[in-house]
Each structure stands twice: as structure tokens, then as C-alpha cells.
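Reading the structure
Listed below are the residues making up each chain.
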Amino acid sequence: MRLHSLTLRNFRGVKDRTVRLPALGTTVVVGDNEVGKSSLVEAFGLIFDLPDDSKSTRIRDIQPVGQDVAPEVTAELTLGGRELTYTKRWLKNRVTELAIVDPDGRRTAWTGREAHNEAERLFHDNVDPVLWQTLMVSQGQSLILPTPADAEPLITAVTAESGTPVDGASMPLVSAVEHEYLRYWTRGGRATGDFAKSEKAVAAAELQAAQALKAMEEVQQDIRRAERLTLDLADVDSRLADHLTTVEEVRERKQATDEILLRRDTVRSKAETARARLVNHTRTREERERLLDEVERFTKIDAELAERRTDADTVAKAAAETVQAAEAALTEVIELKDMRRTDVQDAERRVSHLVDQAELERLVGQQTELIDVRARIVTAAAILDKIKVDDGLFAALEDARAAVVEARAALAAGVPEVVVRRLGAEPVELSGKGVEAAQRARVPKELGFDETAELLVSGELVVGVPGQVEVTVRAGGEAATLRSRVDEAVRREKELLKKAGVKDVAAAREQLRKADTASAELQEARRTEKSLTSAGDPGERIAVLTARLGIGADDEDEQSGSKQAAVEGVPGQMSLFEEFVSPLDTLFDDFELPTPPPDDLTGAQRQLDDARAELAGVERLLTEAEFAAAQARKAADEDRSEAQQARARSEIAGERLAAAIDALKAARAVLDDDAVTAAEAEAMAEVEAVLEEFTAVQEQADAAGADQAAGELTDALAVATRMQGERDTLRDALRTTEGRLEQSGRDGMATRRDVAELELAAIRSEHESLRRRAEAARRVYETLGRHRAAAQTKYSEPLQTRIEALGRSVYGPSFKIWLDDDLAVAERELDGVRLPIEALSTGAQEQLAIITRLAISHLVSTGDGSVPVIFDDALGWSDKARLRDMGALLGRAGDHGQVIILTCMPDRYEYVPKATFIKLDG
Amino acid sequence: MDDSITFLHSSDWQLGMLRRFLGPDGQARWGQGRLDAVARIGEVAERTGAAFVVVTGDVFEHNQVERQTILRACEALKRIPVPVVLLPGNHDALEPGSLWTSSQWQAHAPEHVIVLTDTTPIEIVPGVEVVGAPWRSRRPTSDPAAAAYTNLEPAPAGTTRVLLVHGQLLSLSGGMSEVPPIDQAALEAAVAAKKVQYVGLGDRHSTTKVTDRIWFSGTQEVTTPEETDPGNVLKVTVSQSSIEVEPIRVGAWHMVDHHVELFDEESLTALEDWFAELPDKERTYVRLAGDGSLSLPLLSRLDTMIDVQGEAFASVEKWAKFWTVRPAPDAADLDALQLSGPARAAMEELRQALAGGDEGAGVALSLMHRLARDAG
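Being a predicted model, the structure only gives us computed values, none of them experimental.

What chain A contains, in helices and strands, is 20 helices and 19 strands. Over its C-alpha atoms chain A spans a radius of gyration of 81 Å, topping by over 25% the 29 Å that the globule rule assigns to 922 residues. Its C-alpha atoms give chain A principal-axis dimensions of about 215 × 185 × 60 Å. A burial count over chain A gives 40% of its 922 residues as buried. Taking as baseline every contact in chain A between residues at least 6 positions apart, the subset at least 24 positions apart corresponds to 74%. Carbon and sulfur atoms provide 51% of the accessible area of chain A, an area that totals close to 50,900 Å². In chain A, which carries 124 positive and 170 negative side-chain charges, the distance between the mean positions of the two groups comes to 12 Å.

So, in C-alpha cells, the structure goes:
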């Protein structure tokens, strides 16, 4: 379909306007708001939809407000290859006129309802309503993405392009399969509907059947239990009857033996009385014997204690003597110790004397060495005083020598060298001043024959052959300067040699060597002197020691003598301390008078060590003597205490003995000893007589089994009671079980179980049938879905490719889209980011909606079903850059079909190339 | 002088029995049918002048049947105008909790009904003694009939004695019974020794003659298709010297096994005709065994047929163990649907899967075929 022109008269705000549209290309219809742009679209729809006599409110709505005029629309268009001119006027003077020119030029015209019907038929035959609605974007609808799957021209186009037939005829089957699938499954694959209910019903029925089965099994168990209980009850009844017979027999036997037992009890009572009397007499006799024993025992104890008291007194006295002896021994050892200490002190003094003597000898030697050293110091100092050359002066001399050599060398280089040789017989005379001799020669006054003189001339040289020739050689100005430097250097050297008191540098070097030797000698001697006097002046110490050693040897002898006297007078040994006294004796036995003191230090030191060892031995003896004395004192104290206790015990024993004698006397006053013995013997005889009688009765009871009879009866009765209890328990259990069975019979448990199992089987069967159908539905759904998806992917490719091609001109090469089953764009990927359409910005969504429509238009443009693409106010959300790209796209779209854009914002479309702009005035 | 006596022999009423293959409605009708058959025994007794009726075991399905079953049984028994002797069998043994000792039974049992609780002979009518061996446990450890005849003296002169026992004979059970069988030779010996003149047996559901004087009456109403001659009551006319036994039908239900081979439209039509000719459809259970293969339209038609017949009959079932009818779709089936594109490809995939032995694919293919046909 192509729209060529639209004429509106009395249509909303438009009084009379005709808009002509190019059949191909993009047309932008520009007009302000309310000028009637949207009315063009609306008018085109109404002319085909509503007959001229329509009472629709849509007609009333288009009549200009307040004007009794008839809205009228005329459209010129190409439809199905025919040219149509179609006019319709509503409300007043209604008119419908249709004129058609066929491709072959044949013209046909209709009016009235026929015209309407023919126009409507032609429209419906040639315009796919879905495609028409898809490509005509009303105001405010530009964001809606098209879903063109049902647009036949598009399907035809993609089918033709993809080569994949889209089986429209299968769609009812697809719906039916999906419907069947959804009867059993949710889209997520979970059981639903009757199938899900069936699963639950199976579970419930299984539970119910299991419960019923369990209840019936309990009934069966009860039956078995009741059978068993019946048998057990019969058995226990039988055994109980037998046992009760036994009980009666035991009871009769017991009655027969009860008389014997009564008699035995009487005799037993008599025996107990006699035994009590015997006990009393026996107790009296034992008391008498105890009194007699007590008197005897205390008498013996009293005697023993008296003897022990005497012994204790003796021991105490001996102990006191022992203490005295120990203390005497202790005193002796103390004195011995004092003597030994004196010996040690003497030995120490001798050692000290010998040490002083040795020190004095060493100091004398040291003083001699000191005198020698001091003489060397004086000698060295005198040498040093004589020598004037030191290191500084010697260095200056060497420098001065070098300066002379250096100046002379410069002079030799800077002045002329004259070589004179006598060749003939005539004398050659040489004279002049400032003539420097070379190393080889002095200036001779006259040269001999064939003699040669080589001379450096720094001043003036006259060479003459008397009478014949005289040659004067004069040096230049520089030679004079060099000459003066040499002179200065020589003068400086002489001054320094004079100062050093030597004739040349070699003599100065010798002087310097001698000075170094003397200086080293001086330093070494001074170090020795310092060392020898480091501990003070040896002379002072020699004086001290000489004074100290001036003591005579007689004094030492006197001291030794006094020591010896002090050692004498050691006390003798003590009898009670043999252990202690024995080593003491040895000590005194070995004691000898001291030998003369040794003269050497080693001997004196050894004597000192010996004396100290002896002192230590005596000190150990003293410790032992002190311990022995303490022990003796302690033992004496204990013996004294023991003697006191023995005295006290002896007194107590005497008191007890007296008391025992008094008690025995009192008892005998009541009954003498013989009477006590006789009474006990009499009681004993009585007891023996009664026991003999008791034994006879007991033998009778034993023979009759009297004692066992009571026990047997008790045991038998207990067994009977237990068996009766067992029987009662069984009977109760049987009654309880039978009661349960009676109840289960009333409840019809078996029927319940059968019903439950039948219901379960029926529900399972039904469920299995449902499951098979559900699985079949799923199998079909999935299989068909898989094949559809594959086909969908293939046949949607042309549209997808077209959209992506257009989109890449706007978004760049990374632009991709995915279509859903309705061929609507579902997702977009840009720069690797894939998003659902809903997640895109408003502008992007609108751009994608426009691109999709242009792609659809492009696809269908070659077919008969193509329709114009109409945008009523779009691109309201795009920025400048996007407007440029989208404008280019809209312009290119016009190459393939009719694109009509209605807008009040022409700026948005200024980038549409080759567009026809139509301005609508108000 | 004719000393013969006529009585009726029945057994295995198994009142309270349920059948898996019947729906709730069929179940109720079948249960009532078994009671109706009991009532018809009463009519036969009246018609034949029978002096009494004996039922040789398994009167009830369980000892724990529901109260309604007991009460309805009592009502059915009241419709028998002569004395009725009931023998406890393995299903309703005289065990603890037995139905026979329950207050429900004792309160409602008609007075003319006697339950044998021991082996003491009872003179049921003058000149006729009935003696039986009631089961005391469901699992006896020895011949369940022996107690009744072992110590039995020959019948007094002029007395006809009827022995009632319940259990299987080794010759008929093939040794498949879980409990000890009845000693057939001993029974025949008792008959030969004139201790009894007739032995009424129960437990076998088909009417079966063992000897002239030893019979299984069979159940009054069929219970499974395997039973060969159920639904009878035996009219027994017996004397010391003669015996006459006549099965009289009292059952109204049928249980039928039917095998078909299905491979084309004619075979399906033949099956339809077979269904059409069966009488008493509402009281008939059909168990179908089938072999063969059918195209998808025919398979769909078969399923529809079975569904429809299942409504008309008490029940129509495919006998799963013997049902091997398979779909056999061919390209013509698919072409007939005029499908193309993905739908055609999907069906083709399922068809090939079926050809490869995928049973699930066959069911799916049938469904898809039906959906396509209905949608088309």
C-alpha cells in the first residue's frame, strides 16, 4: 500500500487541507501542536473503518466543536496494484465514493455502502492488520517494541528469505500440546493439577493402607496371643489343681507335729531358767577369783616397783659423776687448743722475717741497676747537645743542594759553549770572566798544542793569539740572570752548611744519624729508670727493711720457749669418756719439743702449715669434747627424772594393794570361798538335767519332721499363691486380648484393610495412567518445543540480521539482538554487555523500536503486503548524536518504502537525508 | 419306604469380599450380588423342598468384616426358610476373636441358623445328623477334616449323616495349598463304612464332583475369571442307598478372560462385535489379553472403545501381563495429519524412537497424534 494524498475537511481543527505524500522516500510532515498532524492518521483509519452513517462516538469526536458541519476525508492510495480515490463524509450530506483504476487502466466506481464494503474488502485483502498496526506508530506509542510474529507479509518474507517454512497450520497443535502439557506440569516442570493431586492422593492412600494393614497385623498378633494365652491358661489351671492337693497333704502333717513342738517349747523354757541361775553363780565365783588375783598381782607389783626405784636412784647418781668427768676433759682440751694457737703465731712471724730478707736483697740489686741507667742518660744527653743538625735543617740543606744543581744546569743550557783548540805553534791565550767550566775542564790560561778547551760562557771570554788575533765571546742578558740564580743557590747552601756546622750535606747526614742513635739510647735509659722507680725509690724501701730486719734472733727463741711452757700441764684422761679420751692420749703422747726454726723461707712456711694442721686437730677434739659433755648432762637429767617416776609408781601400787585386800575381806564376810564354788556346781547339774530332757523331745520332733512341716506348708501356700497369680494374670491378659479382638471385629478391621488396599490400588492405577499421560505430554511438549526452537532460530534470522545491520549503523559493530518467539526483540548486546530490553534506557528502547519497524518495513517492501511506516512524533528521548544516526537511518529507509513522520519538532529530523518536508500551517 | 432327604449344599460365600478391578459402584453391586445369590438359595430351598441348607466354610471373607456385612448376611439368611448349618472355614475360623463368638453375630443371627463349633453330630431334622470339622485356626497343622470322622461311629440305623468339611484335596490342589490337605481316601473310607452318607466340601470355588457322595459345591457367585463353574448351589438328595446331586445356578455375575489379536480395522471391529454380544454387561468383568500392533488412528480407536465398554460393563481391563498391542505408526498416518515444519519433524522423531523400541515414545506419539487430529 502506498498513500498518495489525504484531504481533510471539517475534521477536528482542520477546515480544509490536502497533504500530498511521495510514493517512495521519507516525508516529514511538520506542524505545530493542534494543527492536525495526528488527524491525518486518524482520518485514514476512520475512512476504512466506519461507514458514513456510523453513529460511533468517534465520528462525533472529529466534528469541529460548535460547528454543524460534516467531517469529510478523501484518500488517494495504491492498494493491491490499483489506484483508489476514496471519499467519505459523515453526519450530514453523507457521501461514500470509491473510484478504482486497475493496472490495465480500467476504471470502476462505487458509491454508498457498496463503496464502503468494496473499500473495506480491498483493504483487508491487501493490508495485513498486524503489519499495519505494527508499522503505524501513534503519538505516545513510540516506545512500544513491535511483536510482529503474526504479520503474514513478514512471515512470508522471512520464510522466503530463510528458506524455512513457518508452519502456521501447526499452531493449533502447538497450542494443544502446550495446553496438554500444562494440564500436568508447570512451565518450570513441576507436577500440577490433577497429576499433582494424584501424587498426593497416592501418598495419602499409602499411608491409610499402611495404617489399616498395621491395625490388621495387630489383630492377627492378638489372635496368636489369645491362642497362646488359652493354652497357657489351661496348663496353669491343671498345675494349680495338682498343687492344691499337695498343700492339703502338707497341712495335715503339720497338725500332727504341732503337739511335740508345744512340749519342746515347755522344756526349752525350763532350760533357759536353769541356765540363768548357773550364769549368776558362775559370775559370783569369777568375781571372787578376780579379787584373789588382784591382791596377788598388786603385791607383786609393789615389790617390783620398790626395787626399780632403788636402781633408778643409783643410776642417777652415776650419771651425775659422769657429767663432772666430761666437763673436766673439756677444760683440758681448751687449754691444749690455746697452746697450738701460739705455735701457729710463732711460725707466721718467722715466715714474715724471711720474706723481708729476700725483698731487701732484690731492692739492693735494683738500686745498682738504677745508678747505671742514670749514667747512660747523662752521656746521651751530652751527645745530643753537640749536634746542630736536625731533620728540618737537613731537609733545607738537601733542598739548597738541589737548587744549586738545578741553577747550574739551567745556566749550562742557556749560555754559549765555546770550543777552542790550538792547531799551530802559536800560543793561544784564554781570559775572561763569567766563563763556566764544563764538567770536564777549567779554563786554562793557555792552550797547549792540539789541546782543546770546551767552555760555557756566561760573561765574557777572550781568546787571543798574541799578536795575531783576539776573539771576545760575550754571553747575552739571560745568561747573566742564570748566573745570578746559580750564585744565589750556592750562597744559600753555604749559609745552611755553616748553620749546621758541617762541610757538606754528607757530613750533615752523618751528624743526623748520630743524633738519632743518641736520642734512642736516651729514651731507652729513661724507660728503664722509670721502670725501676715505679714502685718508689728502692733506697727508701731498703731503709725500711733494713730497720725491720735489725731485730735479733734471741727474741724468737724466747717466744718459742714460752710456747713450750704453755703446752705442758695437759690434764689426765677421764674414765667415762674413753671414746673421747683415747685420741687425746695419743695427742699428748706424740707431743715433742719444737725443733729450732729453719733459716730458709720454704722450711719456715712448711713449719707454719704443720702448726696450723695441729691447731685444726685440737679444734676438732674440742668440738667432740663439748658434744660429749652435753650428752652426759642430758643423760643425767633423764636418769634423775626416771628415778622420780619410779618413786611415784611405787607409792600408787601400794595404795592399790591395800584397796584390793579390803575388797576381798568384805566379800568373804558375805560368803566364803568354798560356798561360792559349791553353789555353782549345783546350778550346773540342774542345767545338764534339763538339757537332757530337751534333747529327748527334739529327737521326737526331728523324727516327725515337725520343724519342716511349717516351712513346707508355707512354701506350698506361696507356690499356690504364685500360681494363682499367674493364672489370674493369664486370664486378665486373655480377657484383654479377647476384648480387643471383639472390638476389632466390631470395627471391621479386615474390611477396612481391604478397602484401603483397594483404594490404594485404584489410586495407584489412576496415578500410573496419569503419569503415563503426563510423561507423554512432556515428551511431546519437549520434542515439539525443541524442533520449534530450532526452526524459530532459523526463520527469525532474516529479521534479526536486518535489525542488526541497521542497528550497527547507529551503535557500532558490537551491536547484537536476540528475538523471542513473537519475533520481538528480547535482548540487546552492546560492547559485550547483554541486557534484556526492559533494562535499557528509554531512549535506547525507542531507538530499538524504530529500528525494528524499519527492518520489518525493509523486509516486506518487496512484497505485495507492504504498508507505509508512520511515526507520529518520535525520537523524543534521543540526544544530538543519536538523532544524527537515527536521521540517517530514516532517510535510508525511504529508499525501500514509504516513510511518513509527523512532528512538531522538525529539529529532530534535520539529519534525515533526502527527506521531503511538508509544513502544515495553523 | 423312601428314606431319602433333600438338602442344599453351598460354600465360600465370602461375604465382605472386595475386588480390585471393580470401581466403587461395581464393588457395591457385586457385594449385593453375592447376598442376592444367598437369597436365591432360599428360593431354591423353597422350590425344591429342601429340608435344610449346609454351608461348608468361608461364609465370611474375614473374622473382622464390618458390622454392615454381618447384618446384611443375617438378613439374607432369614430369607432361607429352612434350617441352615454354617461351618467355620479358614477365612472365618473359630479362633480367638472369631466372628462366630462375637456379640454382633450372636445378637443378630437368625434362630434357624446353627454354627458348628465342635465335632458333635447334630440332628438337624429327624433322621438326619450333620457333623462337621470347624476350623479353629487359619493355619491348622494337620488334616482339618480328620477330627470330624476319625472317631465317628457308623450312623444309627435309619439316620442319614452328612459330613461337612472345609479344605483342599491333594488331587485337586496340586499340592499348592499352604495347609495340610484333607485325606480323600479317609473320606471315601468313611463313606464306605456308612459313617456318613454325604460329604460336603468347601474351599474350592468351582462346583466339583469328587465322588458320587463327595462334592465341592463351589461359591454361590463367581469371584475370579479362573473359576470354571462357579455360581451354583447343590441340591442333594441322599439316602443310605442312593445319592443324587444337582447343581442349580444361583449366581448372576460373569468374569471373562478374552484374548484378541489386533492388527487392522477388521480385528477391531470383531472385538467391538464380541463386546456387543456379551449379555449382562453391568454384571460382567472382562479381562482382555491382546497381541498385535495398530496404526495410531486404530490404537486411538481401541483406547476409546475400551473406555466406552468400561462404562457399560462392570469393568473392562487390559490384562497387563498379557497385553502386547503396540502402536505402529507409518508415514501415511503422519501425512494424513497434514503437518509440516517442526510439528512434522517432532512426530517423525518420536516415530523413529518408537521403532527403536522406545515404549515411551509410542505413548507420546499416540498423544501427539490425537492432539493433532483434534486440533486439525
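Picking up where we left off.
What follows deals with unusual backbone geometry. All names here are of chain A. The backbone of Leu875 shows a phi angle near 60°, a positive value even though the residue is not glycine. Relative to the helices and strands, Leu875 is located in the loop between strand E17 (869–872) and helix H20 (880–893). On the basis of relative accessible area, Leu875 is assigned to the buried category, the value being 2%. Despite not being glycine, Lys914 shows a phi value in the positive range, around 60°. Relative to the helices and strands, Lys914 is located in the loop between strand E18 (898–903) and strand E19 (916–920). When its relative accessible area of 65% is taken as the criterion, Lys914 is described as exposed.

What follows covers the interface of chain A and chain B. Accessible area lost when the parts come together is the quantity often used to give the size of an interface. With 40 residues of chain A at the interface, the matching set in chain B holds 43 residues. Of the roughly 3,300 Å² buried at the junction of chain A and chain B (both faces included), carbon and sulfur atoms supply 63%. If you sort the residues of chain A by the area they bury against chain B, Leu173(A), Leu758(A) and Arg779(A) come out on top, with a joint share of 17%. There are four salt bridges connecting chain A and chain B. Two residues, Arg779(A) and Asp358(B), come together in a salt bridge whose shortest N-O distance is 2.7 Å. Across the contact surface, chain A and chain B share 10 residue pairs in polar contact (both at pLDDT 80 or more). For the side of chain A that touches chain B, the elements supplying multiple residues, two or more each, are helix H6 (171–184), helix H7 (193–386), helix H16 (706–747) and helix H17 (749–795) of chain A.

Moving on: the UniProt feature "domain: Calcineurin-like phosphoesterase" (unreviewed entry) in chain B. Feature annotation in UniProt assigns "domain: Calcineurin-like phosphoesterase" (unreviewed entry) to the following positions: residues 6–104 of chain B. Along residues 6–104 of chain B, the helical share is 39% and the strand share 11%, with 31 Å between the first and last C-alpha atoms.

With that settled, the discussion passes to the pairing of strand E2 (residues 14–20) of chain A. Residue and element names in this part refer to chain A. In terms of strand pairing, strand E1 (residues 2–11) meets E2 through six bridges, oriented antiparallel. Directly across from Ser5, in E2, lies its bridge partner Arg20. Hairpin geometry of E1 and E2 is characterised by an intervening segment of two residues between the two adjacent antiparallel strands and by a positive phi of about 50° at Arg12.

Here the focus is the UniProt feature "coiled-coil region" (unreviewed entry) in chain A. Residue and element names in this part refer to chain A. Under the UniProt annotation, "coiled-coil region" (unreviewed entry) lies at residues 202–229, 601–649 and 753–780. Secondary structure across residues 202–229 comprises 100% helix and 0% strand; the distance between its end C-alpha atoms is 39 Å. For residues 753–780, the helix share is 100%, the strand share is 0%, and the end-to-end C-alpha distance is 40 Å.

Once that is clear, we can look at the pattern of salt bridges. Evaluated as defined, the whole model comprises 86 salt bridges over all chains. A salt bridge links Arg183(A) to Glu180(A); the shortest N-O distance between them is 3.2 Å. One end of the pair is Arg183(A) and the other is Glu180(A), both in helix H6 and three residues apart, which spans about a single turn. Where Arg239(A) meets Asp235(A), a salt bridge forms, and the shortest distance between an N and an O atom there is 3.2 Å. Residue Arg239(A) and its partner Asp235(A) are both found in helix H7; the two are separated by four residues, about one turn of the helix. Connected via shared salt-bridge partners are Glu180(A), Arg183(A), Arg370(B), Arg373(B) and Asp374(B).

Turning next to the pairing of strand E15 (residues 315–327) of chain B. All names here are of chain B. When strand E14 (residues 284–294) meets E15, the two strands line up parallel, connected through nine bridges. Counterpart to Arg287 in the pairing with E15 is Glu317. For the segment spanning E14, helix H8 (residues 296–312) and E15, crossover handedness is right-handed.

Once that is clear, we can look at the packing of aromatic side chains. Summed over all chains, the structure comprises 19 aromatic pairs over all chains. With centroids separated by 6.5 Å and ring planes inclined at 65°, the aromatic side chains of Phe44(A) and Phe123(A) adopt a geometry described as edge-to-face. With Phe44(A) in helix H1 (residues 37–49) and Phe123(A) in helix H3 (residues 112–126), this pair connects stretches of sequence that are 79 residues apart. A residue is classified by how much of its surface remains accessible, and Phe44(A), at 3% relative accessible area, is buried. Here the aromatic residues Phe44(A), Phe48(A), Tyr86(A), Phe123(A) and Trp132(A) are joined through ring pairs into a cluster of three or more. Here Arg828(A) stacks its cationic end above the ring of Tyr811(A), 5.9 Å away from the centre of that ring. The ring of Trp319(B) carries Arg287(B) above its face, with NZ or CZ at 3.7 Å from the centroid.

A few words on helix H18 (residues 797–811) of chain A. The end-to-end C-alpha distance of H18(A) is 20 Å, a good match for the 21 Å that 15 residues give at a rise of 1.5 Å each. Backbone geometry just after H18(A) places Gly812(A) at a positive phi near 100°.

Glancing now at the UniProt feature "domain: Endonuclease GajA/Old nuclease/RecF-like AAA" (unreviewed entry) in chain A. UniProt's feature table lists "domain: Endonuclease GajA/Old nuclease/RecF-like AAA" (unreviewed entry) at residues 1–51 of chain A, given in the numbering used throughout. The distance from the first to the last C-alpha atom of residues 1–51 of chain A is 21 Å, and the span holds 25% helix and 47% strand.

A separate point is helix H8 (residues 391–414) of chain A. When the terminal C-alpha atoms of H8(A) are compared, their 35 Å separation across 24 residues agrees well with the 34 Å that a helix rising 1.5 Å per residue should span. Of the positions making up H8(A), those classed as buried are Leu393(A), Phe394(A), Leu397(A), Ala400(A), Val404(A), Ala407(A) and Leu411(A).

This part covers the sheet that holds strand E14 (residues 816–819) of chain A. All names here are of chain A. A sheet is described by the order of its strands in space; here three strands give the open sequence E14-E15-E16, paired in antiparallel fashion. For this open sheet the edge positions go to E14 and strand E16 (833–836), each flanked by a neighbour on one side alone. Neighbour-to-neighbour, the strand axes of the sheet open up by a mean angle of 20°, direction not taken into account. Bridge count for E14 against strand E15 (residues 825–830) is four bridges, and the pairing is antiparallel.

Here is a general trend for soluble globular proteins: nonpolar side chains tend to be buried in one another's company. Core analysis: the largest hydrophobic core is formed by 91 residues, its most contacted members being Phe44(A), Leu799(A) and Phe871(A). Considering every element that reaches this core, the biggest residue donor is helix H19 (residues 842–860) of chain A, with 10 residues. Contact partners of Leu799(A), with chain neighbours within four places excluded, come to Pro148(A), Leu154(A), Val158(A), Leu819(A), Leu823(A), Ala855(A), Ile856(A) and Leu859(A). One finds Ile41(B), Leu86(B), Val115(B) and Val233(B) within the second-largest nonpolar core, a separate group that totals 33 residues.

All names here are of chain A. Where H7 contacts helix H10 (residues 505–532), the two axes come as close as 8 Å, and the packing angle between them is 155°. Classified by the angle between their axes, H7 and H10 sit roughly antiparallel to one another. In the crossing of H7 with H10, the sense of the turn from one axis to the other is left-handed. Residue-level contacts link Gln366, Glu369, Leu370, Val373, Arg374, Arg376, Ile377, Ala380, Ala381, Ile383 and Leu384 of H7 to Ala515, Ala518, Ser519, Glu521, Leu522, Glu524, Ala525, Arg526, Thr528, Glu529 and Leu532 of H10. Of the residues that constitute the contact of H7 with H10, the class distribution is 12 nonpolar, three polar and seven charged.

Parameters and conventions
- Residues numbered from 1 in each chain as written.
- Chains lettered and ligands numbered in written order.
- Predicted model: local features only at pLDDT ≥ 70, side-chain atom pairs only at ≥ 80, totals over all residues.
- Heavy atoms only, no water.
- Helix = DSSP H or I, 4+ residues; strand = E, 2+ residues; numbered from the N terminus.
- Rg over C-alpha atoms; globule rule 2.2 N^0.38 Å.
- Buried < 20%, exposed > 50% of the residue type's maximum accessible area, 1.4 Å probe, protein only.
- Contact = heavy atoms within 4.5 Å.
- Areas by Shrake-Rupley, 256 points an atom, 1.4 Å probe, with all protein chains shown as cover.
- Lys, Arg positive; Asp, Glu negative; His and termini not counted.
- Charge placed at Lys NZ, Arg CZ, Asp CG, Glu CD.
- Buried area = accessible area lost by both parts, 1.4 Å probe.
- Salt bridge = Lys/Arg side-chain N within 4 Å of Asp/Glu carboxyl O.
- Polar contact = N/O pair within 3.5 Å; in protein donor to acceptor, adjacent residues only side chain to side chain.
- UniProt positions renumbered as here; feature names shortened; annotations may be inferred.
- Pairing = 2+ DSSP bridges.
- Right-handed = clockwise from strand over helix to strand, strands pointing away.
- Phe/Tyr/Trp six-rings, centres within 6.5 Å; stacked < 30°, edge-to-face > 60°.
- Lys NZ or Arg CZ within 6 Å of the ring centre and 35° of its normal.
- Expected span 1.5 Å × (residues − 1).
- Axes fitted to C-alpha atoms, helices over the stretch in contact; angles between N-to-C directions.
- Core = buried A, V, L, I, M, F, W, Y, C linked by side-chain atoms within 4.5 Å.
- Parallel < 35°, antiparallel > 145°, perpendicular 65-115°, else oblique.
- Left-handed = near helix turned anticlockwise from the far one by under 90°.
- Nonpolar A, V, L, I, M, F, W, Y, C, P; charged D, E, K, R; others polar.

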